[in-house]
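Observations on chain architecture
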Amino acid sequence: MAKHAVLSSGSKMWRSLACAKSELSLDLTLACGQSFRWRETAEGHWTGVMGGRIWTLTQTGDILWYHVYKNHEQNREVGGSDRKRRAGVSLQMENKSEKRIKGALKKEEEEPVALTSVQDTEEEEEMLRDYFQLNVKLLDLYNEWGVADPHFKCIADIFTGVRMLRQDPTECLFSFICTSNNHISRIQGMVERLCQALGAPLCQLDETSYYNFPSLSALADNSVEACLRDLGFGYRARFLQQSAKQILDTHGLQWLEGLRSVPYLLARDALRTLPGVGTKVADCVCLMSLDKAEAVPIDTHVWQIAKRDYNYASGNGQKSITAKLHRDIGDFFRKLWGPYAGWAQSVLFCADLKKFQKLKEMPHLKRPKKEENDEEELRVACKKTKIKREENGTVKKMKTKSAHHKKAKTSE
DNA sequence: CGGGGACCTCG
DNA sequence: GAGGTCCCC
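What you see is a predicted model, and the numbers here were worked out from it, not measured in a lab.

1. Some thoughts on helix H16 (residues 323–337)
With 15 residues, H16 should cover 21 Å at 1.5 Å per step; its first-to-last C-alpha distance of 21 Å lies within 8% of that length. Of all the residues in H16, the buried ones are Leu325, His326, Ile329, Gly330, Phe333 and Trp337. An end-on view of H16 places all buried positions within 125° of arc, on one side of the element. For H16, the exposed residues set more than 90 degrees away from the buried face come down to Ala323, Lys324 and Lys335. The inward-facing, buried residues of H16 contact helix H5 (138–148), helix H6 (150–156), helix H14 (279–289), helix H15 (300–310) and helix H17 (341–352). Phi turns positive, to about 90°, at Gly338, one or two residues after H16.

2. Here we look at the protein's contact with DNA strand C
With respect to spatial proximity, 20 residues lie near DNA strand C, and among them Asn181, Ile184, Gly276, Val281 and Phe349 are the closest. Near the protein, meaning within 4 Å, the atoms of DNA strand C are sugar or phosphate in a fraction of 48%, with bases accounting for the rest. At 3.5 Å, a backbone N or O of Val277 approaches a phosphate oxygen of DNA strand C. Between a phosphate oxygen of DNA strand C and a main-chain N or O atom of Lys280, the distance comes to 3.3 Å. Listing elements by their share of the surface near DNA strand C, those giving two or more residues are H14 and H15. It is H14 that contributes the most residues to the surface near DNA strand C, three residues altogether. Of the residues belonging to the surface near DNA strand C, the class tally is nine nonpolar, nine polar and two charged.

3. Overview of the pairing of strand S3 (residues 45–50)
Within a regular beta strand, the side chains point alternately toward one face of the sheet and then the other, so they alternate between its two faces. In terms of burial, S3 is a largely internal element, six of the six residues being buried. Side chains of S3 alternate between two faces, with His45, Thr47 and Val49 and Trp46, Gly48 and Met50 buried alike. The pairing of strand S2 (residues 39–42) with S3 spans three bridges and is classified as antiparallel. Paired with Glu40 across the strands is Trp46, a residue of S3. Sheet analysis places S3 next to strand S4 (residues 53–60), joined by five bridges and oriented antiparallel. Among the inter-strand pairings, Gly48 is bridged to a residue of S4, identified as Trp55. In textbook terms, the turn of a hairpin is the stretch between consecutive antiparallel strands, and for S3 and S4 this stretch comprises two residues, one of which, Gly51, has a positive phi near 60°.

About the cut-offs
- What you see as residue numbers is a count from 1 along each chain, following the sequence as written.
- In the order they appear in the text, chains get letters beginning with A and ligands get numbers beginning with 1.
- At least 70 in pLDDT is required for a residue's local features to be given in this predicted model, at least 80 for side-chain atom pairs to be given and counted, and no such filter applies to totals for whole chains, interfaces and linings, which use all residues.
- Calculation of side-chain values draws on the structure's entire complement of heavy atoms; hydrogens and water are dropped beforehand.
- Secondary structure elements are defined from DSSP: runs of H or I of at least 4 residues count as helices, runs of E of at least 2 residues count as strands, and each element is numbered from the N terminus.
- One less than the number of residues in a helix, times 1.5 Å, gives the span that helix is expected to have.
- Classification of residues uses two cut-offs on accessible area relative to the type maximum, computed with a 1.4 Å probe and protein chains only: under 20% is buried, over 50% is exposed, and between them is partly exposed.
- This arc corresponds to the set of directions leading from the helix axis out to the C-beta atoms.
- In what follows, residue pairs with any heavy atoms lying within 4.5 Å of each other are defined as contacts.
- Here, proximity means that at least one heavy atom of the residue falls within 4 Å of the molecule or strand.
- Each polar contact in these results corresponds to two N or O atoms within 3.5 Å; when the atoms are within protein, one needs to be able to donate a hydrogen and the other to accept it, and residues that are neighboring in sequence are counted only if both atoms are side-chain atoms.
- Any residue that is not Ala, Val, Leu, Ile, Met, Phe, Trp, Tyr, Cys, Pro, Asp, Glu, Lys or Arg is counted as polar, Gly included; the first ten are nonpolar and the last four charged.
- Note on pairing: DSSP must find at least two bridges between two strands before they are called paired.

Following this line, the structure appears as structure tokens:
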């Protein structure tokens, strides 16, 4: 059986890319709630599906290592289908062809290992550069945000390399429709089940099967709502199916991607016409898949941050986030951080996640250099934040079997 | 523009 | 209640 790649074992072919830790932290970026599709399959090794292929990524020093699983260990069709995948059309595999391909795979296992062509190598490096948006110089942005915002600077020394992914718009939209009234760990399970149920299978590594994200047409099928309700999606099941259907019926396959070249506010309004997509979800999709770096997704959590760390006072009487509050808080952060405000916000958001709180307590030994004496001031700001977090901070161990989504329906 | 309630499930 | 959205008033 095919296994997950591990760099130290040397049993797989790895390629590398020069990429400073300050430009990218895989551990933070892939686990902070942008994408729900990456898992840490070995220490510091992240495995997930991107662009129709399965990847394992890891970092040593200032090198980003990546392994792409090839045909001999993956049900990847060759030739024409690849082109379609690149265009964002994930193929829906029918039962018949699935069996046929699995049969074919059996034979292939005895064949010599498929070699990676030069084109594949160049293409895959480009896919990674695009996905992580490595052309954007994160360190420069951190410096600019730090100058404008002392609180950011304090957080930034610990939470370096938090970078915005450039996700597939379909995956991003339908994943974030699942996020309403929800938390990361549950969303991860839901997205996994979504792919399992409706996405094309790719291959199995160790005990884990990998799937493409479902195509729009798969999501639009009338049977989808009932199917997803059975899988525990609740009221979101209808949103997902209806949104997919609405996109296909009234706009077409390329519509979402086309929003990349539309101004932020227009794209956001366009998304908001879809069922299950309000301001917050639309902002997430804009920021994380449609190249709108100025989009700042505002939820209750970000509102807390604004109040706690920035003395943000307006809307104090409100019980929930009103439309006006959305605008005002977004404008507040855009004014503070500039055109990449959404990227900056994701750093603070990451720093507030419970699972990363331990990073704040560890003495960070390798601080770049002794700065001037405004350090003292920053420490105070840091400490203030830390204390607040510790108040409600029992760290829970999550050790649930993932197969338990068969919910035992207790009558209420 | 803002308040209030429903919507699903899980911890 | 949770990292919301829809619908009605």
